Amino acid sequence: MHIAGRHSLLLGARWRVVLAALVCLPILSGVGLGTASAATGVSTITTKATWTKGTILTASGGGVDAVSCPTSTFCAAVDHTGAVSYFNGTSWTVPLIIDGTNPLIAVACPTSTFCVATDSVGQYVVMNNGTWGAPTVFDQLDGLSMRSVSCSSASFCMAVGVTSTFTPIDYYYYNGVWTFDTVNLGPTDANAFSSVSCTSTNVCLASDVGGNVTTFTLATSPTITFTHSTVQINPTTKGFIADSISCVSSVSCVVGSGSNQVSTLTGATWTTVSPFPVGALGVQVSCTATTCVANDSNAQAVSSPVPFSTWSTPGTFSSPSQINGLSCYSLAVGAACQAVDFNGYS
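Residues numbered from 1 in each chain as written. Predicted model: local features only at pLDDT ≥ 70, side-chain atom pairs only at ≥ 80, totals over all residues. Heavy atoms only, no water.

Participant: Help me out: how do you make sense of unusual backbone geometry in this one?
Facilitator: Glycine aside, residues mostly have negative phi, and peptide bonds are mostly found in the trans state. With an omega of 5 degrees, the peptide bond running from Ser221 to Pro222 counts as cis. By the secondary structure assignment, Pro222 is in the loop between strand 18 (212–219) and strand 19 (225–232). Backbone torsion omega between Val306 and Pro307 reads 15 degrees, so that peptide bond is classified as cis. Mapped onto the fold, Pro307 is located in the loop between strand 26 (300–305) and strand 27 (315–316). Of note, the phi angle at Phe308 is positive, near 65 degrees, even though the residue is not glycine. Looking at the secondary structure, you find Phe308 in the loop between strand 26 and strand 27. Note on Phe308: relative accessible area 1%, which makes it buried. (Helix = DSSP H or I, 4+ residues; strand = E, 2+ residues; numbered from the N terminus. Buried < 20%, exposed > 50% of the residue type's maximum accessible area, 1.4 Å probe, protein only.)

Participant: Can you walk me through the sheet that holds strand 22 (residues 262–266) in this structure?
Facilitator: Ordered in space as 20-21-22-23, the four strands form an open sheet in which the pairing is antiparallel. Two strands lie at the open edges of the sheet, namely strand 20 (242–249) and strand 23 (269–273), each paired on one side alone. The mean angle between the axes of side-by-side strands here comes to 20 degrees, regardless of whether they run parallel or antiparallel. Bridge analysis of strand 20 against strand 21 (residues 252–257) gives six bridges, and the strand direction is antiparallel. Each bridged residue has a counterpart across the sheet, and for Ser246 the counterpart in strand 21 is Val254. (Pairing = 2+ DSSP bridges. Axes fitted to C-alpha atoms, helices over the stretch in contact; angles between N-to-C directions.)

Participant: Would you mind showing me how to read the nonpolar core here?
Facilitator: Nonpolar side chains tend to gather and get buried jointly when the protein is soluble and globular. Val116, Phe138 and Trp178 are the most contacted members of the largest nonpolar core, which totals 17 residues. When sequence neighbours within four positions are dropped, the list of residues in contact with Trp178 reads Val116, Tyr124, Val126, Phe138, Val149, Cys157, Met158, Ala159, Tyr171, Tyr172 and Tyr173. Listed in part, the 15 residues of the second largest apolar core include Ala76, Tyr86, Val107 and Ala117. (Core = buried A, V, L, I, M, F, W, Y, C linked by side-chain atoms within 4.5 Å. Contact = heavy atoms within 4.5 Å.)

Participant: Is there a simple way to think about the confidence of the model for the protein in this case?
Facilitator: Low-confidence regions, as indicated by low pLDDT, have predicted coordinates that should not be scrutinised in detail. This prediction gives the protein a mean pLDDT of 79; 77% of its residues lie at or above 70. Taken as a whole, residues 1–21 scores under 50 in pLDDT and shows 114 contacts with residues more than four places along the chain or in a different chain. In the model, residues 23–48 has pLDDT below 50 throughout and makes 78 contacts with residues more than four positions away in sequence or in other chains. (pLDDT = per-residue confidence, 0-100.)

Participant: I keep staring at the packing of aromatic side chains and nothing clicks. Help me out?
Facilitator: One pair of aromatic rings is described through two measures. These are the centre distance and the angle between the planes. For the structure on display, the rule yields twelve aromatic pairs. Seen from their ring centres, Phe216 and Phe226 are 5.5 Å apart, and the 20 degrees between their planes marks the pair as stacked. Placement of the pair is Phe216 in strand 18 and Phe226 in strand 19, with a sequence separation of ten residues. Neither Phe216 nor Phe226 differs from the other in exposure class; each is buried. Through successive ring pairs, a cluster of aromatic residues spans Phe114, Tyr124, Phe138, Tyr171, Tyr173, Trp178 and Phe180. (Phe/Tyr/Trp six-rings, centres within 6.5 Å; stacked < 30°, edge-to-face > 60°.)

Participant: Sorry if this is basic, but what is going on with the state of the cysteines here?
Facilitator: Put plainly, two cysteines are in a disulfide when a covalent bond ties their sulfur atoms together. Applying the stated criterion to the full structure yields seven disulfides. Here Cys109 engages in a disulfide with Cys115; their sulfurs sit 2.1 Å apart. An S-S torsion of about 110 degrees defines the bridge between Cys109 and Cys115 as right-handed. A sulfur-sulfur separation of 2.1 Å characterises the disulfide bridge that pairs Cys247 with Cys253. One disulfide, between Cys247 and Cys253, carries an S-S torsion of 105 degrees and so falls in the right-handed class. Here Cys247 matches Cys253 in class, with each residue buried. (Disulfide = S-S within 2.5 Å.)

Participant: I'm lost on the environment of Val162 in this one. Help?
Facilitator: Tracing the backbone through its elements, the reader meets Val162 in strand 13 (residues 156–162). With relative accessibility at 5%, the residue Val162 sits in the buried group. Taking the C-alpha atoms as reference, Val162 lies 8.2 Å from Gly143; in sequence the two are 19 residues apart.

Next up, the structure:
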């Protein structure tokens, strides 16, 4: 599933940006992620999957916020300098400026020929057949920041974010047109969105900082309608924050919390567990049809096979660094992931 990055935490005054890669064969319960190595790791029944050594994409000060990988031979990563870099399965390109000096904070690529990136000043940039268009404003609202974007195809996307008054805001993209969604600006919708994940059925699920998930459904006949409903993920836990979300269908999703928890949606039921130690922050998640991977602020990672109910013990990328974006994609056997961060590896 191709999801975008979130509004990221900045750790330290200097940024060094690193890409790490992981290849996983079918993961069994208890098989974790090992420490970083110089080559792509493979997970089998008897060995742990390992992350490759990172690749610096941009100079200090140009932190990478998000990555999206629809296939094993195409990924796009966006950074704080307004640039995008591409991965062809072997190496990364030099960053290409597509948004002036505006920090890009999210990207979604459902295919290798179509991507959408959003920035910190309320703009979007669209790539069609390898060519990026001009940055375009979603709205004239001051302080608008679109934190996440997800596309199930080149004809349907959704972007979510926050206004200057910290209220939620979202837009949906259908057949080349972005439309402002007014339904979420009511008095009961007070929590800013943190992340969004769209499925192939024109259904998107968005997490928010209040620990809720809102399901949006696009109907195209007889007229275009965009409806929504909201549920609280974990009502028994005070202060639960939903930080990221990745869905393989409208009834199968995983949410990463602002602490050490992950919540799994199976059917209509949410189940929350704590696969990371107490003190972990900002869990990122990315799921394929067979495998889900989650990482925390201490560069620890866990994995789970479908139905994403049993998680491995935590393993580390290398020395701790903040992972801002994670994107996993299916292989002929198993899955692989790319991760981007600010601080790099020691």
